[in-house]
Amino acid sequence: MKLSTSFIAAALAFSSIASAAPQAEDVEARGIIPLTSTALQALVSRHTLLAHARQFVKFSEQSGGTRAFGSRAHNSTVRYIKTLLDATGFYDTSLQTFEYLYSSGSAEISANGTALTSRWFTYGPSGDVSANLVLVNNLGCDASDFPAAVEGQIALIKRGTCEFGLKTALAGNAKAAGAIIYNNAPEGINGGTLGAPSREVGPYVPVGSVSGTDGDRLAADIAAGNTIAATLKVNAVTENRFTSNVIATTKIGDKSNIVFAGGHTDSVPEGPGINDDGSGTITILDLALRLPLFNFKNAIRFGFWTAEEFGLVGSEHYVTNLPAEEQDKIAVYLNFDMVASPNFGYFIYDGDGSAFNLTGPAGSDHIEKTFEDYFKSKRLQSAPTEFSGRSDYGPFLDVGIPSGGLFTGAEGKKTAQEAQWWGGQADVDYDICYHQACDGIDNLNVGAWVENTKAAAHAISTYARSLTGIPRGARSANRKVKVASLSHEERQHYSCGHEIASL
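Summary of the structure given here. (Residues numbered from 1 in each chain as written. Predicted model: local features only at pLDDT ≥ 70, side-chain atom pairs only at ≥ 80, totals over all residues. Heavy atoms only, no water.)

### Topic: helix H13 (residues 446-465)
Part 1 of the argument: The end-to-end C-alpha distance of H13 is 28 Å, a good match for the 28 Å that 20 residues give at a rise of 1.5 Å each.
Part 2 of the argument: Burial runs high along H13: 16 of the 20 residues are buried. (Helix = DSSP H or I, 4+ residues; strand = E, 2+ residues; numbered from the N terminus. Expected span 1.5 Å × (residues − 1). Buried < 20%, exposed > 50% of the residue type's maximum accessible area, 1.4 Å probe, protein only.)

Here it is as structure tokens:
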């Protein structure tokens, strides 16, 4: 998408800096106002935040309601962010572009006209099959388990012993038109994978899973001599995609003491991701567009990460490819992922480990207290949240960079105590639209979003002025990013906390 000059001017006007935006060569003369928390907070506006959010929704419409990494909508999001930052003349910006495997899909299954709850397997191909079910012998782990009658039909296979991918490839080898794998326990199979994009033993056929309860019933009907007409519709994409992080560093400030703030620009394939993580992305974008009015001591860098939903891919790529001496120049990393959940809580990452017994690198405790002090100053209750590794702070923690940030909750349920603190509904998810198509504008708690953006302004401005309380110097961490060692499937389910099964 090409952004017109008039559009850029309008977007900058939202941030109240268009009339004062000089050329890049004038940047050293910028900043007539000393940066303070109060001054930066005063520029936070719900109207500006929502204007960006509406633009993100429009981008999602380019790709059928998603901003998944590498999609046209996501590329437009990335271009939008970089174009606005470049227009200020205040930042050195770059796109860090790389290739990564994208795999996403869904499966719909019916038997004799009755729809069954079903799931797709990672790497499973697309297809639309209508055929009879044929029960496979044993567990479908050997070519001899597939009777000749399976040719052109849908193989019904029980889970167990061997990998889903082998069962599916052997079904293809037997010339089945599709395969349905049912669980060896009553419930459904949650988060299955074929384990690899292809196998030598045979071609993959369209495949989906059903629960053990449904599968056992179907198998019993077939064994009793009944014919079961089934449909299997799989919509899936598995392809390598090029995608980009946006990195922006202020042209002023000490580049040996960088205050780093980040959030991810992609959504899950199922929805537009306006809370997850449009809210965090827009929080730091909005603040970045206001900083050219100020002067400050320490350089500020913003990281707009791609492919977080596939396992912190963008932030891991950045940190892994950053030399140790450059890592050491980052004084603090501040993460903003989901900061406008509808049934929100004001959660701060537990840097000192006092609540979850997982302490961040030295200085993380100071970041936690900085945020705590902000909420206390506003007479708002805050609460700690665990450094679970499920967001882009993870790679920074792994290399010893003091980290922290804010979070308003995802699929967890608000407690009665929290409802007393913050309002909302107890025993209801913090975000009922988490990773769903309904994560749009109406899913945002704008009041909480504004408050968290002001808290972000407070932390960024505090550390841009002074790093007192943050240890500096070379770090002794092993420099290995944990998520980099995971398989593609493990990474894809890492950030959402779900387990992935291969057999």
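There is more to say after this.
### Considering the pairing of strand E12 (residues 298-305)
Part 1 of the argument: Of all 8 residues making up E12, 8 are buried, and the element is well covered by its neighbours.
Part 2 of the argument: Here 4 bridges tie strand E9 (residues 229-250) to E12, and the two strands are oriented antiparallel to one another. The residue of E12 that forms the bridge with Ile-247 is Gly-303.
Part 3 of the argument: By the bridge criterion, 7 bridges tie strand E10 (residues 254-264) to E12 in an arrangement that is parallel. Each bridged residue has a counterpart across the sheet, and for Asp-254 the counterpart in E12 is Asn-298. (Pairing = 2+ DSSP bridges.)

### A word on the state of the cysteines
Part 1 of the argument: According to the stated counting rule, one finds 2 disulfides in the structure shown.
Part 2 of the argument: Each sulfur of the disulfide joining Cys-141 and Cys-162 lies 2.1 Å from the other. Its torsion about the S-S bond being -90°, the disulfide of Cys-141 and Cys-162 is classed as left-handed. Taken together, the residues Cys-141 in the loop between strand E5 (127-135) and strand E6 (154-158) and Cys-162 in the loop between E6 and helix H5 (164-173) connect sequence positions 21 residues apart.
Part 3 of the argument: On the basis of relative accessible area, Cys-141 is assigned to the partly exposed category, the value being 24%.
Part 4 of the argument: Accessibility expressed as a relative area gives 8% for Cys-162, which makes it buried.
Part 5 of the argument: Residue pairing for Cys-433: its cysteine sulfur links by disulfide to Cys-438, the two sulfurs lying 2.1 Å apart. (Disulfide = S-S within 2.5 Å.)

### A few points about the packing of aromatic side chains
Part 1 of the argument: Applying the stated criterion across every chain yields a total of 32 aromatic pairs.
Part 2 of the argument: Ring centres 6.1 Å apart and planes at 70° place the aromatic pair Tyr-91 and Phe-302 in the edge-to-face group. Pair noted here: Tyr-91 is in strand E2 (residues 91-111) and Phe-302 is in strand E12, with a separation of 211 residues, a long-range link. There is no split in this pair, since Tyr-91 and Phe-302 are both buried.
Part 3 of the argument: By way of ring pairs, the aromatic residues Phe-344, Tyr-346, Phe-347, Tyr-374, Phe-375, Trp-421, Trp-422 and Tyr-430 are connected into one cluster.
Part 4 of the argument: Over the aromatic face of Tyr-102 sits the side chain of Arg-241, whose NZ or CZ is 3.6 Å from the ring centroid. (Phe/Tyr/Trp six-rings, centres within 6.5 Å; stacked < 30°, edge-to-face > 60°. Lys NZ or Arg CZ within 6 Å of the ring centre and 35° of its normal.)

### Details of the environment of Ser-209
Part 1 of the argument: As for its placement among the helices and strands, Ser-209 is situated in strand E8 (residues 207-210).
Part 2 of the argument: As for Ser-209 and Leu-116, which are separated by 93 residues in sequence, their C-alpha atoms are 9.5 Å apart.
Part 3 of the argument: When near neighbours in sequence (up to four residues on either side) are disregarded, Ser-209 contacts Ile-109, Thr-117, Ser-118, Arg-119, Phe-121, Ile-181 and Ile-189. (Contact = heavy atoms within 4.5 Å.)

### Structural notes on the environment of Ser-403
Part 1 of the argument: For Ser-403, the location among the structural elements is in strand E16 (residues 403-407).
Part 2 of the argument: The spatial distance from the C-alpha of Ser-403 to the C-alpha of Asn-335 is 7.6 Å, given a sequence separation of 68 residues.
Part 3 of the argument: Those residues in contact with Ser-403 that lie beyond four places of it in its chain are Tyr-333, Ser-364, Ile-367, Phe-387, Tyr-393, Phe-396 and Leu-397.
Part 4 of the argument: A polar atom in the side chain of Ser-403 sits 2.9 Å from the backbone oxygen of Ile-401. (Polar contact = N/O pair within 3.5 Å; in protein donor to acceptor, adjacent residues only side chain to side chain.)

### Some details on the packing of helix H3 (residues 46-61) against helix H7 (residues 274-290)
Packed helix pairs are specified by the crossing angle of their axes together with the interaxial distance, meaning the distance between the axes.
Part 1 of the argument: The interhelical angle for the contact between H3 and H7, taken along N-to-C directions, is 130°, at an axis separation of 9 Å. The orientation of H3 relative to H7 falls into the category oblique. Of the two elements, H3 crosses H7, and the hand of that crossing is right-handed. Counting all contacts with H3, which are made through Thr-48, Leu-49, His-52, Ala-53, Phe-56 and Val-57, the residues of H7 involved are Ile-274, Gly-278, Thr-281, Ile-282, Leu-285, Asp-286, Leu-289 and Arg-290.
Part 2 of the argument: Tallied by class, the residues present in the contact of H3 with H7 amount to 8 nonpolar, 4 polar and 2 charged. (Axes fitted to C-alpha atoms, helices over the stretch in contact; angles between N-to-C directions. Parallel < 35°, antiparallel > 145°, perpendicular 65-115°, else oblique. Left-handed = near helix turned anticlockwise from the far one by under 90°. Nonpolar A, V, L, I, M, F, W, Y, C, P; charged D, E, K, R; others polar.)

### A short note on the pattern of salt bridges
Side chains that carry opposite charge are capable of pairing whenever their charged atoms lie near each other.
Part 1 of the argument: Considering all chains together, one arrives at 12 salt bridges under this definition.
Part 2 of the argument: Across the salt bridge formed by Arg-390 and Glu-411, the nearest N and O atoms sit 3.2 Å from each other. One end of the pair, Arg-390, is in the loop between strand E15 (383-385) and helix H11 (394-398); the other, Glu-411, is in the loop between E16 and helix H12 (416-422), and 21 residues separate them in sequence.
Part 3 of the argument: What makes Arg-390 partly exposed here is its relative accessible area of 26%.
Part 4 of the argument: In this structure, Lys-413 engages Asp-429 in a salt bridge whose closest nitrogen and oxygen atoms are separated by 2.8 Å. Of this pair, Lys-413 sits in the loop between E16 and H12 while Asp-429 sits in the loop between H12 and H13, and the two are 16 residues apart along the sequence.
Part 5 of the argument: Residue class for Asp-429 comes out buried when judged on its relative accessible area of 19%.
Part 6 of the argument: One network of salt bridges, with partners in common, ties together Asp-328, Arg-475 and Arg-479. (Salt bridge = Lys/Arg side-chain N within 4 Å of Asp/Glu carboxyl O.)

### Some remarks on the nonpolar core
Part 1 of the argument: Judged by nonpolar contacts, the single largest core of 87 residues is most densely connected at Leu-85 and Phe-302.
Part 2 of the argument: The dominant element in this core, judged by the number of residues it contributes, is H13, at 11 residues.
Part 3 of the argument: Every residue in contact with Phe-302, bar those within four places of it in the chain, is listed here: Tyr-91, Val-246, Ile-247, Ala-248, Phe-260, Ala-261, Ile-284, Ala-288, Leu-291 and Ile-460.
Part 4 of the argument: By size, the runner-up hydrophobic cluster in this structure holds 22 residues, among which are Phe-121, Tyr-123, Ala-176 and Ala-179. (Core = buried A, V, L, I, M, F, W, Y, C linked by side-chain atoms within 4.5 Å.)

### Notes on the pairing of E6
Part 1 of the argument: Burial analysis of E6 places 4 of its 5 residues in the buried class, which makes it a mostly covered element.
Part 2 of the argument: Bridging between E5 and E6 involves 3 bridges; their strand directions are parallel. Paired with Leu-135 across the two strands is Leu-156, which belongs to E6.
Part 3 of the argument: With H5 bridging E6 and the parallel strand E7 (residues 178-182), this β-α-β connection has right-handed handedness. (Right-handed = clockwise from strand over helix to strand, strands pointing away.)

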